[in-house]
Amino acid sequence: MFDFLLWEGYNGGMITQEKLTILTESAKYDVSCSSSGSRRKNEGGTGNGYAAGCCHSFTPDGRCISLLKILLSNDCIYDCKYCPSRVSKDVPRATATPEEICELTMDFYKRNYIEGLFLSSAVHKNPNYTMERLLLVVKKLRLEYGFHGYIHLKGIPRADESLTREAAKYADRMSYNIELPSEQSLKLLAPQKSKESLLLPMKQLTLERAAFVEEKRKGLIKKGYFLPAGQTTQMIVGASPEADGRILRLTQSLYRKMQLKRVYYSSYIPVVQDSLLPTAAAAQLREHRLYQADWLLRFYGFGVEELVGEGENLDMEVDPKCAWALKNMHLFPVEINRAPLEALLRVPGIGARNAHKILAARAYTKLKFEDLIKMKIALKRAKHFITCDGKFYGAKNELAVRGLLTAAEVGENATQLSLFDDFVRFSDRKNALVALDGQL
Amino acid sequence: MTYFFDGSISGFLTAFLAAYHDEAALVTSRRQQLILGEAPVYIKTDETRAARAKARLLCFDDGCMKDLNLLLRCGDDNSEQIAFSYFKKLAKSGKPVHNMLSDDAVFAAVEKIRRVGLELHRFHGFIRFMETASGALYAPFAPDHDICDLLLPHFRARLPRYPFVLHDITRKKAAVYDGKNAFVAPLEQAEIVLSGNENAWQALFSRYYAAVNIPSRERLKQMRGYLPVRYRRFMTETHGEKK
Ligand code: SF4
């Protein structure tokens, strides 16, 4: 019961500003921030899940704060070249006590600063020790502090299987970050990690979660949870030479075979210098294009083979859907009054929300071009690929279309991440689009 | 003719019946909308007639009262007139119209409903509680729309152990949960004594906020889109930044 007193450094109470800074500064490059997917109930304590996810604040870099993202320790025994916490680097080190993390979480949560905790850690002493401590914090929060809010727990590669399994009973989501999209790059830049050390626990959790869901369905298990919000992972883009096609093939197999909820991409920022690493930051546009392609894989019915060849990169000039459409002009234009949802979703510039708006509205009347304008559907790109009641309003030939699309893209670059903007819910009370929330 | 009602749902429905055949009707509960020199029709809320109108409208669309509830909470000047046109459309069609998005009246109403819903969703995240000396939580805020009571169920479900007050500064009212019951009450100004640790926790969160930002990636325009400046007034981490 009081075994936490045995952990070194226990002092209880509020974490100091210095410690908080060290432990959050090093955690911020993990880009995952989602708090969606869990419907955990409040069972008398504090907190509950919010299935659609909830952003609590936004920082000047335009990113959302949903979870308290913090490391338990940045005191690492590993030496991943890209990491500011690696052992060979002379940086201030800190390790929080379980108490400090719990109190911080509870006090931030009740003030509504956060939706929950994203707890991660450097490999402190050894993998099992670290995983045990992470598990201790999570159990403490759930069992002693009565916390039912969201917990995302980072898994520690090479920790014992039983610890991973136990953690999954208390966390809403877990993630093992692949970081580098090929085995060679892992060997070079994260020598203590290996493909297996990352993929095996992911696989273990996928199988155990499926078994849990099945038993719950059959009524064999009545209570409890097993990663209700599933697993995610992250890849650094631009620290190693893999092409987008390679990265997205890995992504697709993670979605299909491992049932991951999300793959995050983080464009490389040189926070540490190393002769093996590029000196320049990766272009954010590349990261943006990967996210766009990722959305096409998850919500728009595309397969990676349609978007980009294995050794190729995505087109930087136009978004991946436009690029695909330009290569498949023979499939266009589609008539918006007749095209099935799948076809509408493939029209450049028409997002899921607008596709559903069109479906809803055309049930009443034959839609004309002016109707789409009234419905505030952006037509700058779409008009080259649709007819409205038989009429075409776009440019005549492919070359002209490409030119116009590129121009449209330049105009929009200031508001990048337009796909995320779509997370604003379409308020139609009977629509099912909540599932397309940017957080999912 | 201008039809002036009290802002309530029943008031709206009474006005709706009165104005239904008037092609030039303007329906409002806002004084500033009254046209100078023109005497409005003052609508006296009639619960019986309102109930009848409600029952009839519900036959056409069983979800329409939810729409009305949100539309009347919308703080935009013309929202009641938009609600009027929308309900007229519904009554004329005799079946649900909320998907008829190419119709101006319907699209305008759906947009207003979306805006109220979006603000509600945003404040699930943007509300900032302060801990008072008694342990109760207090959150002042200034929403565009009249949503403070709609926030109650959310916070009550997640913080059942903490009494709390959601104080709509603009409308001078508060949604209160006293640890047992939830209710709405008028509230001009609140006298608050903060708990001993409150300032330290606020400072810690501000430090956290600064630490997770990546300065080399500043994207203020995007930030503004997600977190409009007007909402920052009561947020700890932005130090009450104002427009
Ligand atoms: S394991 Fe690698 S990436 Fe993780 S903290 Fe240690 S050095 Fe950094």
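**Side note on the confidence of the model for chain B**
Overall, the prediction assigns chain B a mean pLDDT of 93, with 98% of residues at 70 or greater. As a predicted assembly, this complex carries a pTM of 0.89 together with an ipTM value of 0.94.

**A short note on helix H12 (residues 352–362) of chain A**
In terms of burial, H12(A) is a largely internal element, nine of the eleven residues being buried. For H12(A), the set of buried residues is A:Ala352, A:Arg353, A:Asn354, A:Ala355, A:Lys357, A:Ile358, A:Ala360, A:Ala361 and A:Arg362. Of the surrounding elements, those touching the buried residues of H12(A) are helix H11 (341–345) and helix H13 (369–374) of chain A together with helix H5 (104–126) of chain B.

**Brief notes about the packing of helix H3 (residues 64–73) of chain B against H5(B)**
Residues and elements named next belong to chain B. Put simply, H3 and H5 touch, their axes get as near as 9 Å, and they point 75° apart. Considering their axes alone, H3 and H5 lie roughly perpendicular with respect to each other. Note on element contacts: H5 touches H3 through Ala109, Lys112, Ile113 and Val116, opposite Asp67, Leu70, Leu71 and Arg73. Per-class residue counts for the contact of H3 with H5 are five nonpolar, no polar and three charged.

**Focus on the packing of aromatic side chains**
All names here are of chain B. Evaluated as defined, the whole model comprises 32 aromatic pairs over all chains. With a centroid separation of 4.9 Å and an interplanar angle of 70°, the aromatic rings of Phe123 and Tyr231 are classed as edge-to-face. One end of the pair, Phe123, is in helix H5; the other, Tyr231, is in the segment after helix H8 (220–226), and 108 residues separate them in sequence. By way of ring pairs, the aromatic residues Phe5, Phe12, Phe16, Tyr20, Phe84, Tyr86 and Phe87 are connected into one cluster. The ring of Tyr231 has Arg230 sitting right over it, with the charged end atom 4.7 Å from the ring centre.

**Details of helix H10 (residues 320–327) of chain A**
All names here are of chain A. Most of H10 is tucked away: seven of the eight residues are buried. Taken as a whole, H10 has its buried residues at Pro320, Lys321, Cys322, Ala323, Trp324, Ala325 and Leu326. Taking the backbone nitrogen of Lys321 as reference, a side-chain oxygen 2.9 Å away marks Asp319 as the first, capping residue of H10.

**Focus: the interface of chain B and chain A**
Counting residues at the interface gives 65 residues for chain B, matched by 73 residues for chain A. When the two sides are added together, the surface that chain B and chain A hide from each other amounts to roughly 6,300 Å², 56% of it contributed by carbon and sulfur. At the surface where chain B touches chain A, the tally comes to six salt bridges. Residues A:Glu115 and B:Arg158 are paired through a salt bridge, measuring 2.6 Å at the closest nitrogen-oxygen approach. In this assembly, chain B and chain A are joined by 34 residue pairs in polar contact (both at pLDDT 80 or more). Contributions of two or more residues to the side of chain B that touches chain A are made by H3, H5, helix H6 (148–158), helix H7 (198–212) and H8 of chain B.

**Digging into the domain arrangement of chain B**
Residue and element names in this part refer to chain B. Splitting chain B by domain gives domain 1 (2–120) and domain 2 (127–243). Taken together, the nine residues of domain 1 in the interface contact ten residues of domain 2. Counting the surface lost from both domain 1 and domain 2, the interface buries some 860 Å², and carbon and sulfur atoms represent 54% of this. In terms of surface lost to domain 2, no three residues of domain 1 exceed Arg73, Glu119 and Leu120, which account for 75% of the buried area on that side.

**What about the sheet that holds strand E9 (residues 334–335) of chain A?**
Residue and element names in this part refer to chain A. One open sheet holds the three strands; their spatial order is E9-E10-E11, and the pairing between them is mixed. Of all strands in the sheet, those with a lone pairing partner are E9 and strand E11 (391–392), marking the two edges. Across two bridges, the pairing between E9 and strand E10 (residues 386–388) is parallel. Note that in E10 the partner of Val334 across the bridge is Ile386.

**Things to note about the domain arrangement of chain A**
Assigned domains within chain A: domain 1 (3–307) and domain 2 (320–437). Using C-alpha coordinates to define each centre, domain 1 of chain A is positioned 35 Å away from domain 2 of chain A.

**Quick look at the nonpolar core**
For soluble globular proteins, the rule of thumb is that nonpolar side chains tend to be buried together. With 175 residues, the main nonpolar core has A:Ile70, A:Phe108, A:Met174, B:Phe12, B:Phe87 and B:Leu166 as its most contacted residues. Those residues in contact with A:Phe108 that lie beyond four places of it in its chain are A:Leu68, A:Tyr113, A:Ile114, B:Trp201, B:Leu204, B:Phe205 and B:Tyr208. With 13 residues, the next largest nonpolar core counts A:Leu186, A:Leu198, A:Ala239 and A:Leu277 among its residues.

**Focus: the pairing of strand E8 (residues 182–186) of chain B**
Residues and elements named next belong to chain B. Here strand E7 (residues 173–177) pairs with E8 via five bridges, running antiparallel. The residue bridging Tyr177 from the neighbouring strand is Ala182, located in E8. Remark: four residues form the turn of the hairpin made by E7 and E8, two consecutive strands paired antiparallel; Gly179 in that turn has positive phi of roughly 100°.

Rules behind the numbers
- Residues numbered from 1 in each chain as written.
- Chains lettered and ligands numbered in written order.
- Predicted model: local features only at pLDDT ≥ 70, side-chain atom pairs only at ≥ 80, totals over all residues.
- Heavy atoms only, no water.
- pLDDT = per-residue confidence, 0-100.
- Buried < 20%, exposed > 50% of the residue type's maximum accessible area, 1.4 Å probe, protein only.
- Helix = DSSP H or I, 4+ residues; strand = E, 2+ residues; numbered from the N terminus.
- Contact = heavy atoms within 4.5 Å.
- Axes fitted to C-alpha atoms, helices over the stretch in contact; angles between N-to-C directions.
- Parallel < 35°, antiparallel > 145°, perpendicular 65-115°, else oblique.
- Nonpolar A, V, L, I, M, F, W, Y, C, P; charged D, E, K, R; others polar.
- Phe/Tyr/Trp six-rings, centres within 6.5 Å; stacked < 30°, edge-to-face > 60°.
- Lys NZ or Arg CZ within 6 Å of the ring centre and 35° of its normal.
- Polar contact = N/O pair within 3.5 Å; in protein donor to acceptor, adjacent residues only side chain to side chain.
- Buried area = accessible area lost by both parts, 1.4 Å probe.
- Salt bridge = Lys/Arg side-chain N within 4 Å of Asp/Glu carboxyl O.
- Domains from an automatic or database assignment.
- Pairing = 2+ DSSP bridges.
- Core = buried A, V, L, I, M, F, W, Y, C linked by side-chain atoms within 4.5 Å.

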